[in-house]
Amino acid sequence: MSANPRIVVGVDGSPASEQALRWAIDYARAVGGTVHAIAAWEYPAFYGWAGAGVPTVEAFNPEELAGKTLSETVAKVAGDDAGVRITESVMPGNAAQALLEAAKGAALLVVGSRGLGGFSGVLLGSVSRHLTEHAPCPVVVVREAHGAADQSE
């Protein structure tokens, strides 16, 4: 491991991504690393259906929304002083591809077990599963804590 390991963490505003960011900050503090928080954005697939077309940037700006979510989540989790350097990046594309790209050369990739979409009963979301199978570095998947019972597992 390098003298100043870079820990990449995916942030989408979900409770699981908040837990992942918290874990990444604690780990970076313990190993003297830095945190690179990533949010990905893309236009939803339903735009363009029925001839509606892609809305104007003024009406809907997913890049701006992702950046706002990222900044708010980092501020909420890290507070005024996390004790480590945290950089933020908003990347175009789907979350899995953006995180794979960001993880090149990283010491560790950290993600929440479930993002904002999908089915709540599934253990791993599609992004976290894809990353565990294809990441260029070790991956930590952090579960969202639902209460005291989950904290002790």
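Our subject is the structure that appears above.
**Let's talk about the nonpolar core**
- Ranked by size, the top nonpolar core spans 23 residues in total, and within it V9, L21, I25, V35 and V110 carry the most contacts.
- Excluding residues that lie within four positions of it along the chain, V110 makes contacts with I7, V8, V9, G10, A20, W23, A24, V140 and V142.
- Membership of the second largest hydrophobic core comes to 13 residues, among which are L100, A106, L109 and C137.

**Quick notes on the sheet that holds strand β4 (residues 108-112)**
- Pairing within the open sheet is parallel, and its 5 strands lie in the order β3-β2-β1-β4-β5. Each end of this open sheet is capped by a strand with a single partner; those strands are β3 (86-92) and β5 (139-142). Adjacent strand axes in the sheet meet at a mean angle of 25° when their direction is disregarded.
- Across 7 bridges, strand β2 (residues 34-41) lies against β3 in parallel orientation.

**A look at the pattern of salt bridges**
- Taken as a whole and assessed by the stated rule, the structure comprises 5 salt bridges.
- One salt bridge in this structure joins E18 and K76, with 3.1 Å as the shortest N-O distance. Here E18 is found in helix α1 (residues 15-31), whereas its partner K76 is found in helix α2 (residues 62-78), with 58 residues between them in sequence.
- Under the relative-accessibility criterion, E18 is labelled buried at 14%.
- Under the relative-accessibility criterion, K76 is labelled exposed at 58%.
- With a shortest N-O distance of 3.9 Å, E72 and K68 are connected by a salt bridge. Residue E72 and its partner K68 are located together in helix α2, separated by 4 residues, close to a single helical turn.

How each quantity is defined
Residues numbered from 1 in each chain as written. Predicted model: local features only at pLDDT ≥ 70, side-chain atom pairs only at ≥ 80, totals over all residues. Heavy atoms only, no water. Core = buried A, V, L, I, M, F, W, Y, C linked by side-chain atoms within 4.5 Å. Buried < 20%, exposed > 50% of the residue type's maximum accessible area, 1.4 Å probe, protein only. Contact = heavy atoms within 4.5 Å. Pairing = 2+ DSSP bridges. Helix = DSSP H or I, 4+ residues; strand = E, 2+ residues; numbered from the N terminus. Axes fitted to C-alpha atoms, helices over the stretch in contact; angles between N-to-C directions. Salt bridge = Lys/Arg side-chain N within 4 Å of Asp/Glu carboxyl O.

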